[in-house]
Amino acid sequence: MVKIKEKMFYTIGEVEQITEIKQHVIRSWEKKIPSLAPMRHNNRRLYSKKILQILQNAKDMIKNHGYKVSSIEMALNKNLQEKSSIAAIDSTINDLRQILENIESAISKLEELE
């Protein structure tokens, strides 16, 4: 992966350099993976850092894990849902910890009154 100056958006040529994915492949994947759709300005594709990460993930999934391009979107969505579920579970655990602390505090106060 080539280092290029940090910026908000990258052209398809810069994306090719960064990800080492050929431009024609990127354009093909855009048709099959909706989350790769770039912004357009003056009819030029502009890719965000998020799209660069999705491209890198897609490349890894295809090369190293045997995914087909057609199944990438579903796998990415599943991964996103799993992360969301984990965040919800973490939040619930934190809420339960707080409830337990409140119960322990209430018990301690009751014991002091006895």
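Residues numbered from 1 in each chain as written. Predicted model: local features only at pLDDT ≥ 70, side-chain atom pairs only at ≥ 80, totals over all residues. Heavy atoms only, no water.

Under an unreviewed UniProt entry, the name given to the protein is MerR family transcriptional regulator, and the source organism is Candidatus Xenohaliotis californiensis.

Novice: I'm lost on the pattern of salt bridges in this one. Help?
Specialist: Side-chain pairs of opposite charge can arise whenever the charged atoms involved come near each other. On inspection of all chains with the given rule, the structure shows 3 salt bridges. For E14, the salt bridge is made with K7, and the minimal N-O distance between the two is 2.6 Å. Among the residues examined, E14 registers a relative accessible area of 17% and is labelled buried. (Salt bridge = Lys/Arg side-chain N within 4 Å of Asp/Glu carboxyl O. Buried < 20%, exposed > 50% of the residue type's maximum accessible area, 1.4 Å probe, protein only.)

Novice: Teacher, can you tell me more about unusual backbone geometry here?
Specialist: Among all residues save glycine, negative phi is the norm, and among peptide bonds the norm is trans. The residue E20 is not glycine, and still its phi comes out positive at about 60°. Inspection of the secondary structure puts E20 in the loop between α1 (12–19) and α2 (23–32). On the accessibility criterion, E20 (52% relative accessible area) is exposed. Phi is positive for N43, which is not a glycine, with a value near 65°. Of note, N43 is situated in the loop between β2 (39–41) and β3 (44–48). Residue class for N43 comes out exposed when judged on its relative accessible area of 67%. (Helix = DSSP H or I, 4+ residues; strand = E, 2+ residues; numbered from the N terminus.)

Novice: How should I be thinking about α1 in this particular structure?
Specialist: The periodicity of an α-helix, 3.6 residues per turn, causes residues three or four places apart in sequence to face the same way. All of the buried residues along α1 are I12, E14, V15, I18 and T19. Angularly, the buried residues of α1 cover 155° about the axis, an arc narrow enough to put them on a single face. Buried residues along α1 sit against β1 (9–10), α2, β3 and α3 (49–65). (Arc of directions from axis to C-beta. Contact = heavy atoms within 4.5 Å.)

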